[in-house]
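# Structure assessment
Residues per chain, in single letters:
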Amino acid sequence: MNRRSLIKGAAVTGAAGLFASPRAAQAAGPAGMPTYRYLRDALTMPLRYNPTGEFIFPCIRGVYDKISGARGRYYLYYAPHEKPGGICVAYANSLAGPFTEYTANPVIDNVLPSTTVSHVSSPHVTWIPAAKQFYLYYHGENTTTRVARSSDGLTFRDETPILSTRLVPGLTETSYARVFAHSGRYVMVYMGVLGGKRHIYHGWSPNGWDQWQFAQTPLINPAGDGLTDISGPHVVVRNGTTYVAYHGNDGRMRITEVGNNFDREVHLGVFHTPIASDNGRAAAPSFGTDGGVEYMFYEAGARLNARICIARAV
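Here's a quick rundown of the structure. Since the model is a prediction, treat every value here as computed from it, not as a measurement.

What counts, and at which threshold
Residues numbered from 1 in each chain as written. Predicted model: local features only at pLDDT ≥ 70, side-chain atom pairs only at ≥ 80, totals over all residues. Heavy atoms only, no water. Helix = DSSP H or I, 4+ residues; strand = E, 2+ residues; numbered from the N terminus. Buried < 20%, exposed > 50% of the residue type's maximum accessible area, 1.4 Å probe, protein only. Contact = heavy atoms within 4.5 Å. Areas by Shrake-Rupley, 256 points an atom, 1.4 Å probe, with all protein chains shown as cover. Lys, Arg positive; Asp, Glu negative; His and termini not counted. Charge placed at Lys NZ, Arg CZ, Asp CG, Glu CD. Pairing = 2+ DSSP bridges. Salt bridge = Lys/Arg side-chain N within 4 Å of Asp/Glu carboxyl O. Core = buried A, V, L, I, M, F, W, Y, C linked by side-chain atoms within 4.5 Å. Phe/Tyr/Trp six-rings, centres within 6.5 Å; stacked < 30°, edge-to-face > 60°. Lys NZ or Arg CZ within 6 Å of the ring centre and 35° of its normal.

What follows deals with the overall build of the protein. A count of helices and strands for the protein gives zero helices and 20 strands. Structurally, the protein occupies a C-alpha span of about 50 × 45 × 35 Å along its principal axes. For the protein, buried positions account for 58% of its 314 residues. Taking as baseline every contact in the protein between residues at least 6 positions apart, the subset at least 24 positions apart corresponds to 51%. Total accessible area computed for the protein in this model is approximately 11800 Å², and 49% of it derives from carbon and sulfur atoms. Once the 29 positive and 22 negative side-chain charges of the protein are each reduced to a mean point, those two points are 4 Å apart.

So, in structure tokens, the structure goes:
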């Protein structure tokens with residue numbers, strides 16, 4: 001299938017800086033991905049806000065060069081998934097952690113300005129230079145992806161739904177979205193449930209806030225990995241091309257080349273396998289670089305019983 005027609009002629013090329021290492025680690029995996037070793041849990045228990053005893057979908061962001069008066073150089077966004085959820089923040093001066101919980105968590109709860117939902121979860125934050133603001137993408141319910149914005153990365157406002165199942169016929173869920181600047185526009189990768197199976201879909205916007213368009217067919221199919229379900233996508237730019245990293249229903253993380261035009265589907269295989277303490281599942285990767293060293297934040301453990309971990313490239 002030629003996906004170029006889905007993008008309506010809009011090339012998304014040359015996305016430097018989403019995940020590029022200034023100092024190469026050991027390239028042991030597909031697409032030259034490094035080997036990641038578990039370093040520590042990101043959060044030290046007990047936490048003030050911990051309604052369900054489980055946390056998912058980490059998003060790590062450097063804020064030291066974007067705002068003044070930040071509580072740390074790095075903000076880690078995460079959330080419980082089970083009801084009521086709640087978007088949370090922790091902070092540290094190094095990606096090696098550990099991170100300190102923000103005392104006013106959750107920064108977004110399930111009582112939204114426009115409605116009340118059973119839960120909110122899966123936070124992903126993107127810095128928008130033109131707006132000089134952080135945009136926070138999250139879901140609530142599983143059928144709706146929303147965005148809110150903030151000048152300080154802690155106080156979010158203007159909650160707005162931007163994606164729902166009605167925009168992509170056949171899908172019963174549209175959630176777990178991440179958004180990345182990519183060649184002068186913003187590209188979203190997210191999980192869509194089609195025929196009871198989890199696939200990776202994508203969309204694009206000129207500004208990350210509105211005017212979203214969404215491809216009507218999957219970007220990545222689980223059958224290409226011999227799986228039934230894939231989720232937790234993250235855009236990775238290496239080697240002059242674009243990939244998507246994600247996890248599968250077997251608990252391992254894989255990477256697929258989609259190309260700079262998001263019109264390819266070249267499954268490259270497993271780049272990370274859970275260790276014993278991950279209890280059979282490593283998922284929802286988020287990547288960062290600190291002092292020339294690559295880090296991966298991920299959720300470990302069975303769904304609804306997961307915690308946030310930090311791994312470092314070796």
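Still more to cover.
With respect to topology, four strands assemble into an open sheet ordered 2-3-4-5, the strand pairing being antiparallel. Each edge of the sheet is formed by a strand with only one pairing partner; in this case those strands are strand 2 (56-62) and strand 5 (100-101).

Once that is clear, we can look at the pairing of strand 14 (residues 230-238). With respect to burial, strand 14 is a largely interior element, nine of its nine residues being buried. Across seven bridges, strand 14 lies against strand 15 (residues 241-248) in antiparallel orientation. The partner of H234 across the bridge, within strand 15, is A245. In this structure, the hairpin formed by strand 14 and strand 15 is closed by a connection of two residues, where N239 is found at a positive phi of approximately 60°.

With that settled, consider the pattern of salt bridges. A pair can form between side chains of opposite charge whenever their charged atoms are brought close. Under the counting rule described, the total for this entry stands at 11 salt bridges. Linking R264 and E257 is a salt bridge whose minimum nitrogen-to-oxygen distance equals 3.0 Å. A residue is classified by how much of its surface remains accessible, and R264, at 40% relative accessible area, is partly exposed. Linked through salt bridges whose partners overlap, the residues forming this network are D225, D250, R252 and R254.

With that settled, consider the nonpolar core. Membership of the largest hydrophobic core comes to 22 residues, with the highest contact counts inside it found for Y75, I87, I108, Y138 and F156. Elements with a minimum of two residues in this core: strand 3 (74-79), strand 4 (88-92) and strand 7 (133-139).

To continue, consider the sheet that holds strand 12 (residues 197-205). Taken in spatial order, the four strands make up an open sheet running 10-11-12-13, and their pairing is antiparallel. Whereas interior strands pair on both sides, the edge strands pair on one side only; in this sheet they are strand 10 (171-182) and strand 13 (213-214).

Going through the model one piece at a time under the given rule, you end up with 13 aromatic pairs. Aromatic pair F55 and Y78: ring centres 5.1 Å apart, planes at 90°, arrangement edge-to-face. In this pair, F55 sits in the loop between strand 1 (36-41) and strand 2 while Y78 sits in strand 3, placing the two residues 23 residues apart along the sequence. For the pair F55 and Y78, a shared accessibility class is recorded, and that class is buried. Among the aromatic residues, ring-to-ring pairing joins Y190, Y201, W212 and F214 into one connected group. For R178, the ring lying beneath its charged end belongs to F57, and the centroid distance is 4.0 Å.

Here we come to the side chain of D278. One can find D278 in the loop between strand 17 (266-272) and strand 18 (282-290). Summary of buried charges: D278 has no salt-bridge partner, and the nearest side chain of opposite charge, R307, is 4.5 Å away.

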